[in-house]
Amino acid sequence: MRLQIVRLFDELPDGFDDLVVEAVGEGVRNMALLVEDWRRGARFQGDGEALLAAFSAGELAGVGGLSAELAAPEPARRLRRFYVRPAMRRRGVAAALASALIHEGFDSVNLLTVNARASESAAPFWEAQGFVADGSGPWTHIMRNG
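Residues numbered from 1 in each chain as written. Predicted model: local features only at pLDDT ≥ 70, side-chain atom pairs only at ≥ 80, totals over all residues. Heavy atoms only, no water.

Now for the pairing of strand β4 (residues 77-84). The buried count for β4 comes to seven of eight residues, which makes it a mostly enclosed element. Both β4 and strand β5 (residues 111-114) contribute to a ladder of three bridges, which runs parallel. Bridge pairing in β5 links R78 to T113. Note that the unit made of β4, helix α3 (residues 93-106) and β5 has a crossover that is right-handed. (Buried < 20%, exposed > 50% of the residue type's maximum accessible area, 1.4 Å probe, protein only. Helix = DSSP H or I, 4+ residues; strand = E, 2+ residues; numbered from the N terminus. Pairing = 2+ DSSP bridges. Right-handed = clockwise from strand over helix to strand, strands pointing away.)

So, about the layout of surface pockets. In this structure, the largest pocket encloses a volume near 840 Å³. Along the wall of the largest pocket there are 30 residues; nearest its centre are F82, S119, S121, A122 and W126. If you list the elements that add at least two residues to the lining of the largest pocket, you get α2 (30-39), β4, α3 and α4 (122-128). Looking at the lining of the largest pocket element by element, the count peaks at seven residues for β4. Broken down by class, the residue content of the lining of the largest pocket amounts to 15 nonpolar, six polar and nine charged. (1 Å grid on protein atoms, 1.4 Å probe; cavity = no way out; pocket = protein on both sides within 12 Å on 5 of 7 lines; lining within 4 Å. Points joined across faces, edges and corners; volume = space filled by probe spheres on them. Nonpolar A, V, L, I, M, F, W, Y, C, P; charged D, E, K, R; others polar.)

Our focus in this paragraph is the environment of L19. Within the secondary structure layout, L19 lies in helix α1 (residues 16-25). Taking C-alpha positions, L19 is 16 Å from R80, a pair spaced 61 residues apart along the chain. In this structure L19 touches M31, L60, A61, G62, V63, Y83 and R85, once residues within four positions along its chain are discounted. (Contact = heavy atoms within 4.5 Å.)

Despite not being glycine, F44 has its phi angle at roughly 55 degrees, a positive value. As for its placement among the helices and strands, F44 is situated in the loop between α2 and β2 (50-56). Relative accessible area serves as the criterion here: at 9%, F44 is assigned to the buried category.

With that settled, consider the environment of F106. Tracing the backbone shows F106 in helix α3. Taking the C-alpha atoms as reference points, F106 and G48, separated by 58 residues in sequence, lie 9.4 Å from one another.

It is worth stressing that arrangement in space is one thing and function is another; only the former is reported here.
Set out below in C-alpha coordinates:
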(Lines give C-alpha, C1' and ligand atoms only; values in the text may rest on other atoms or scores of the structure.)
Protein backbone atom coordinates (compact mmCIF):
# COMPACT_ATOMS: atom_id res chain seq x y z
CA MET A 1 0.00 0.00 0.00
CA ARG A 2 1.37 3.41 -0.97
CA LEU A 3 0.78 5.95 1.77
CA GLN A 4 1.22 9.70 1.46
CA ILE A 5 1.24 12.00 4.49
CA VAL A 6 0.64 15.69 3.85
CA ARG A 7 0.38 18.79 6.02
CA LEU A 8 -2.98 20.56 5.93
CA PHE A 9 -3.11 24.34 5.90
CA ASP A 10 -6.19 26.19 4.70
CA GLU A 11 -8.68 23.50 3.76
CA LEU A 12 -9.77 20.17 5.11
CA PRO A 13 -9.24 17.51 2.43
CA ASP A 14 -11.81 15.95 0.13
CA GLY A 15 -13.44 13.03 1.90
CA PHE A 16 -13.21 14.66 5.31
CA ASP A 17 -17.01 14.80 5.71
CA ASP A 18 -17.18 11.02 5.25
CA LEU A 19 -14.40 10.57 7.80
CA VAL A 20 -16.40 12.65 10.32
CA VAL A 21 -19.51 10.53 9.71
CA GLU A 22 -17.52 7.33 10.28
CA ALA A 23 -15.99 8.69 13.49
CA VAL A 24 -19.35 9.83 14.87
CA GLY A 25 -20.81 6.43 13.95
CA GLU A 26 -18.16 4.84 16.17
CA GLY A 27 -18.93 7.26 19.01
CA VAL A 28 -15.68 9.18 18.48
CA ARG A 29 -16.21 12.94 18.73
CA ASN A 30 -12.73 14.22 17.92
CA MET A 31 -13.31 14.73 14.19
CA ALA A 32 -16.52 16.68 14.84
CA LEU A 33 -14.53 18.77 17.33
CA LEU A 34 -11.87 19.33 14.67
CA VAL A 35 -14.57 20.67 12.32
CA GLU A 36 -15.84 23.01 15.05
CA ASP A 37 -12.29 24.22 15.75
CA TRP A 38 -11.65 24.69 12.02
CA ARG A 39 -14.80 26.80 11.61
CA ARG A 40 -13.58 29.03 14.45
CA GLY A 41 -10.28 29.53 12.63
CA ALA A 42 -7.99 27.00 14.35
CA ARG A 43 -5.50 25.79 11.73
CA PHE A 44 -2.75 24.01 13.71
CA GLN A 45 -0.28 26.55 12.34
CA GLY A 46 1.14 27.95 15.59
CA ASP A 47 4.62 27.25 16.89
CA GLY A 48 5.04 23.47 17.14
CA GLU A 49 1.62 22.73 15.66
CA ALA A 50 0.71 20.59 12.67
CA LEU A 51 -2.31 18.92 11.15
CA LEU A 52 -1.44 15.93 8.96
CA ALA A 53 -3.56 13.81 6.67
CA ALA A 54 -2.74 10.33 5.43
CA PHE A 55 -3.85 9.28 1.96
CA SER A 56 -3.88 5.78 0.53
CA ALA A 57 -4.21 5.59 -3.26
CA GLY A 58 -5.51 9.17 -3.19
CA GLU A 59 -8.24 8.40 -0.62
CA LEU A 60 -8.26 10.10 2.77
CA ALA A 61 -7.29 7.43 5.28
CA GLY A 62 -6.77 9.39 8.49
CA VAL A 63 -5.94 12.66 10.21
CA GLY A 64 -3.84 13.64 13.20
CA GLY A 65 -2.86 16.88 14.87
CA LEU A 66 -0.11 18.25 17.07
CA SER A 67 -0.52 21.26 19.32
CA ALA A 68 1.04 22.89 22.36
CA GLU A 69 0.39 21.05 25.65
CA LEU A 70 -0.25 23.99 27.96
CA ALA A 71 -0.91 21.91 31.09
CA ALA A 72 2.57 20.34 31.21
CA PRO A 73 5.20 21.64 33.65
CA GLU A 74 7.71 21.89 30.77
CA PRO A 75 7.43 22.64 27.05
CA ALA A 76 5.39 19.82 25.51
CA ARG A 77 3.19 18.92 22.55
CA ARG A 78 -0.07 17.00 22.50
CA LEU A 79 -1.04 14.59 19.75
CA ARG A 80 -4.73 15.18 19.19
CA ARG A 81 -7.60 14.92 16.75
CA PHE A 82 -6.25 11.55 15.63
CA TYR A 83 -8.50 9.23 13.65
CA VAL A 84 -8.04 6.54 11.00
CA ARG A 85 -10.99 5.27 8.99
CA PRO A 86 -12.05 1.72 9.90
CA ALA A 87 -11.40 0.43 6.36
CA MET A 88 -7.80 1.68 6.61
CA ARG A 89 -6.94 0.17 9.98
CA ARG A 90 -4.42 -2.66 10.40
CA ARG A 91 -2.60 -1.44 7.28
CA GLY A 92 0.06 0.71 8.95
CA VAL A 93 -1.75 3.99 8.38
CA ALA A 94 -2.16 4.88 12.06
CA ALA A 95 1.43 3.94 12.90
CA ALA A 96 2.80 6.01 10.00
CA LEU A 97 0.66 9.00 10.91
CA ALA A 98 1.59 8.72 14.60
CA SER A 99 5.28 8.38 13.71
CA ALA A 100 5.18 11.54 11.60
CA LEU A 101 3.53 13.47 14.45
CA ILE A 102 5.97 12.08 17.04
CA HIS A 103 8.98 13.08 14.95
CA GLU A 104 7.51 16.51 14.34
CA GLY A 105 6.84 16.97 18.06
CA PHE A 106 10.30 15.89 19.13
CA ASP A 107 11.80 18.45 16.75
CA SER A 108 10.90 21.14 19.30
CA VAL A 109 10.25 19.50 22.71
CA ASN A 110 11.19 16.43 24.76
CA LEU A 111 7.70 15.59 26.07
CA LEU A 112 4.63 14.47 24.13
CA THR A 113 1.19 13.72 25.55
CA VAL A 114 -1.93 12.02 24.28
CA ASN A 115 -5.43 11.49 25.64
CA ALA A 116 -6.39 7.89 24.84
CA ARG A 117 -9.94 7.96 26.20
CA ALA A 118 -11.67 8.09 22.80
CA SER A 119 -11.98 4.32 22.36
CA GLU A 120 -10.98 1.02 23.93
CA SER A 121 -8.31 0.49 21.30
CA ALA A 122 -6.67 3.90 21.77
CA ALA A 123 -4.54 3.15 24.85
CA PRO A 124 -3.04 -0.10 23.46
CA PHE A 125 -2.31 1.65 20.17
CA TRP A 126 -0.46 4.55 21.80
CA GLU A 127 1.42 2.19 24.10
CA ALA A 128 2.55 0.23 21.03
CA GLN A 129 3.93 3.52 19.67
CA GLY A 130 6.03 3.97 22.82
CA PHE A 131 3.79 6.09 25.04
CA VAL A 132 3.43 5.10 28.70
CA ALA A 133 0.38 5.51 30.91
CA ASP A 134 0.50 8.70 32.98
CA GLY A 135 -2.40 10.33 34.77
CA SER A 136 -0.57 13.37 36.13
CA GLY A 137 -2.36 15.80 33.82
CA PRO A 138 -5.31 16.08 31.43
CA TRP A 139 -3.70 13.33 29.33
CA THR A 140 -3.58 9.55 29.69
CA HIS A 141 -0.13 8.84 28.22
CA ILE A 142 3.23 10.52 27.73
CA MET A 143 6.36 9.91 25.69
CA ARG A 144 9.78 11.39 26.45
CA ASN A 145 12.55 11.89 23.91
CA GLY A 146 15.71 10.22 25.08
